[in-house]
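# What the coordinates show
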Amino acid sequence: MAAPCRRMAGRSLLQFVSSFSRTSVSNSGFRQFSSTSVCRGSNQAQHVEERASSPWTLMAAVCLQRLPVISAESNPIEQQFRDMMIQMELEKSMLSDHELRLLDDAERLRRMQAGEYDSDEEEDRRDQEIVLAQDLEDSWEQKLNNFQPAARVSDSEGDLGSLQRCLSDSLLLLVERPVGMEKLWMLPQTEWQRGETLRETAERALSSLPAASGFKATFLGNTPCGVYKYKLPQAARTESSVGTKVFFFKAVLSDAGAPPATESSQLWVTKSELQRYVKPAYLRKVERFLLGF
Amino acid sequence: MNAVFRKLQVSATQQAFVLNQALTTCRATPSIQHPVWASVNERQYKSMPTHGIGRWRHLLPKDPPKKKRDRPQMKEIVVETETTYATLNVNVSGYDMTMVEHFSQHIHNLCNRLGIKVLDCYALQTKTTEVWLMQEQGTKMSVDSFLKTHNRVVQLRSLNATMCPIFLEVLLKNQPEGVQLSVQEHTEVDYKARFKGRPDLEGLKAKIA
């Protein structure tokens with residue numbers, strides 16, 4: 001193989017420091033990623049070995065995914081089990097401080113109303129009488145009612161180019177490229193150039209997308225997760241090019257930036273919708289490394 | 001009669017002696033000697049012929065005497081190679097303790113199943129944040145709540161480069177809401193941060209130096 005696969009692994013072990021956080025306050029529903037990758041020095045250029053050129057053209061493609069923003073809906077069985085477990089745990093649990101305070105206050109109120117209350121007995125309780133536990137609970141409940149959570153299902157369900165659809169599934173980026181005579185849907189790819197690692201090629205593929213003005217992606221590793229071999233038809237084969245080999249690299253979207261202006265050559269699809277767009281042979285290879293349904 | 005018995009006894013002991021010798025020549029390990037009769041000349045008593053037959057501790061190799069107070073040593077940080085990463089720390093943190101603990105257990109089980117070696121699995125100190133609310137009229141601040149940040153760390157030994165993207169993707173897709181995930185390389189500084197500082201000891205050391 002002419003590609004420096006071995007070298008890629010060597011350069012790798014990019015000591016990467018990445019932290020992924022899922023908080024409710026996020027920009028347009030993305031997880032905040034912060035990753036710094038410390039490059040191991042560019043020894044590539046010096047160590048490029050002269051190998052016999054192979055007849056295969058090498059390409060690297062990026063499998064860019066937007067991770068699910070909210071947790072998936074549960075089955076009816078899961079729902080029932082969850083309700084039962086909550087009830088069981090509630091029955092088995094001990095009373096918390098707040099609940100003890102509630103009981104105490106209720107008891108004191110009852111005694112005051114019954115007339116047996118002797119205020120001299122409880123001197124140290126006077127400061128706590130100002131705010132009853134029940135009042136606290138009422139104010140908390142009011143705050144909860146004021147909070148409006150966002151909708152689980154957004155409006156743009158049918159728009160395949162939007163990133164806000166299917167919030168509980170992961171979406172994959174597909175682009176339409178002219179290949180030979182026709183235009184095919186595929187994952188964004190570019191050709192490998194001598195002197196760079198395959199991962200750099202994949203990064204280039206991502207940044208060279210026309211609509212990728214603000215795509216910020218974190219690559220999950222330095223090794224490819226899949227490969228697709230394509231032999232050119234007999235007529236087009238020559239001595240130096242038998243076909244292409246495409247290596248897929250996984251990446252996770254951290255920021256989408258500005259939305260593309262009615263770009264029709266770019267789609268965000270779930271795994272189940274993939275088969276409508278992509279050729280069967282390609283789909284077989286791609287499905288193997290896509291996790292999910 | 002007695003002479004007959006004595007002859008029989010002598011022959012029996014002689015046989016035992018021969019057997020013992022044969023055994024010692026055959027085996028390199030400590031020979032199985034009869035526990036009580038060390039030499040041939042001891043008399044065989046009719047009572048307690050199997051005394052001490054179950055003794056085995058004298059056959060074990062001698063352990064070195066344990067030191068009284070063993071300071072916890074740091075486990076060696078695995079050096080990274082061409083195809084594997086160095087020791088990685090997967091740090092799970094969040095406000096909800098059950099979520100954090102369950103997620104870290106999930107990671108541990110996942111590693112066991114995928115064949116990724118787990119060096120260590122420990123918890124870092126819980127940090128408490130006090131949230132003070134400013135009242136709208138006036139400058140009085142009142143305590144609203146206490147937020148505790150829990151931290152659990154799963155230390156992975158040598159993660160294969162090919163396994164890395166798959167592992168990370170599974171982790172990210174299963175990450176629950178409200179839980180932060182962070183993957184870093186393990187350093188000595190991380191290890192030292194787990195121990196409590198001893199200000200008086202450091203003060204004394206500074207005085208000496």
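Residues numbered from 1 in each chain as written. Chains lettered and ligands numbered in written order. Predicted model: local features only at pLDDT ≥ 70, side-chain atom pairs only at ≥ 80, totals over all residues. Heavy atoms only, no water.

## Description of the nonpolar core
All names here are of chain B. The following threshold applies: Here, nonpolar core refers to any group of buried Ala, Val, Leu, Ile, Met, Phe, Trp, Tyr and Cys residues whose side-chain atoms link them within 4.5 Å. Partly exposed describes any residue whose relative accessible area lies between the buried limit of under 20% and the exposed limit of over 50%, with all areas from a 1.4 Å probe on protein chains only and scaled to the type maximum. In this description a helix means any DSSP run of H or I spanning at least four residues, a strand means any run of E spanning at least two, and both kinds are numbered starting from the N terminus. Between two residues, a contact is recorded if the distance between any of their heavy atoms is within 4.5 Å.
The biggest cluster of nonpolar side chains holds 25 residues, and the ones touching the most others in it are Val90, Ile107, Leu156, Phe167 and Leu181. Sorting elements by how many residues they give to this core places helix 3 (residues 163-173) first, with six residues. Among all residues touching Ile107, those that are not within four sequence positions of it are Val90, Val92, Val154, Phe167, Leu171 and Leu181.

## Comments concerning the state of the cysteines
What counts here: The definition used for a disulfide is geometric: two cysteine sulfur atoms within 2.5 Å.
Overall, the coordinates contain zero disulfides over all chains when judged by the stated rule. Between Cys63 of chain A, a free cysteine, and Cys225 of chain A, which holds the nearest cysteine sulfur, the sulfur-to-sulfur gap is 5.7 Å. Sulfur of Cys164 of chain B: no disulfide; nearest cysteine sulfur belongs to Cys111 of chain B and is 12 Å away. Overall, the relative accessible area of 1% leaves Cys164 of chain B in the buried class.

## As for the packing of aromatic side chains
Each aromatic ring pair is described using two quantities: the centre-to-centre distance and the angle formed by the ring planes. Residue and element names in this part refer to chain A. Worth spelling out the cut-off: Two rings from Phe, Tyr or Trp (for Trp, the six-membered ring) form a pair when their centres sit within 6.5 Å of each other. Planes less than 30 degrees apart are called stacked, planes more than 60 degrees apart edge-to-face, and all others tilted.
Applying the stated criterion across every chain, the model contains five aromatic pairs over all chains. Look at Trp185 and Tyr277: their rings are 5.6 Å apart centre to centre, the planes differ by 75 degrees, and that puts the pair in the edge-to-face class. Taken together, the positions of Trp185 in strand 5 (residues 182-186) and Tyr277 in the loop between strand 10 (266-269) and helix 7 (280-287) put the pair 92 residues apart, joining distant regions of the chain. The class for Trp185 is buried, based on a relative accessible area of 16%. Between Phe248 and Phe289 the ring centres are 5.2 Å apart and the planes differ by 40 degrees, which places this aromatic pair in the tilted class. Remark: Phe289 occurs in the segment after helix 7 and Phe248 occurs in strand 9 (residues 243-255); sequence separation between them is 41 residues. Pair check on accessibility: Phe248 and Phe289 agree, each one buried. Chaining the aromatic ring pairs together yields one cluster made of Tyr228, Phe248, Tyr282 and Phe289.

## Considering the confidence of the model for chain A
Our working rule: A residue's pLDDT is simply how confident the predictor is in it, with values from 0 to 100.
Chain-level pLDDT for chain A is 77 on average; 73% of the residues reach the 70-or-more range. Here residues 38-49 of chain A is modelled with pLDDT under 50, and outside its nearest four sequence neighbours on either side it reaches 19 contacts, counting other chains as well.

## Describing the packing of helix 2 (residues 97-114) of chain B against helix 3 of chain B
Residue and element names in this part refer to chain B. What counts is decided by this rule: Interaxial angles span 0 to 180 degrees and are taken between N-to-C directions of axes, which are lines fitted to C-alpha atoms, for helices over the stretch in contact. Reported orientations rely on four angle classes, namely roughly parallel under 35 degrees, roughly antiparallel over 145, roughly perpendicular from 65 to 115, and oblique for the rest. Two helices cross in a left-handed way if the nearer one is turned anticlockwise from the farther one by less than a right angle. They cross in a right-handed way if the turn is clockwise. Three residue categories are used. Nonpolar comprises Ala, Val, Leu, Ile, Met, Phe, Trp, Tyr, Cys and Pro, charged comprises Asp, Glu, Lys and Arg, and polar comprises the others, including Gly.
Close contact between helix 2 and helix 3 brings their axes to 11 Å; oriented N to C, the two are set at 150 degrees. The angle between helix 2 and helix 3 falls in the class roughly antiparallel. When you trace helix 2 past helix 3, the crossing you get is right-handed. Contacts from Phe103, Ile107, Leu110, Cys111 and Leu114 in helix 2 reach Met163, Phe167, Val170 and Leu171 in helix 3. When the residues that make up the contact of helix 2 with helix 3 are grouped by side-chain class, the tally is nine nonpolar, no polar and no charged.

## As for the pairing of strand 9 of chain A
Residue and element names in this part refer to chain A. How we decide: A strand pair is defined by DSSP finding two or more bridges across the two strands.
With 12 of 13 residues buried, strand 9 is to be regarded as a mostly interior element. Two strands pair when backbone bridges link them, and strand 3 (residues 56-66) and strand 9 are joined in this way by 10 bridges, in the parallel orientation. Residue Cys63 lies in a different strand from strand 9, and its bridge partner there is Lys250. As paired strands, strand 7 (residues 216-219) and strand 9 are joined by four bridges and run antiparallel to one another. Following the sheet pairing, Thr218 is matched in strand 9 by Val252. In the sheet, strand 8 (residues 226-231) pairs with strand 9 via six bridges, with the strands oriented antiparallel. Bridging across to strand 9, Tyr228 finds its partner in Val246.

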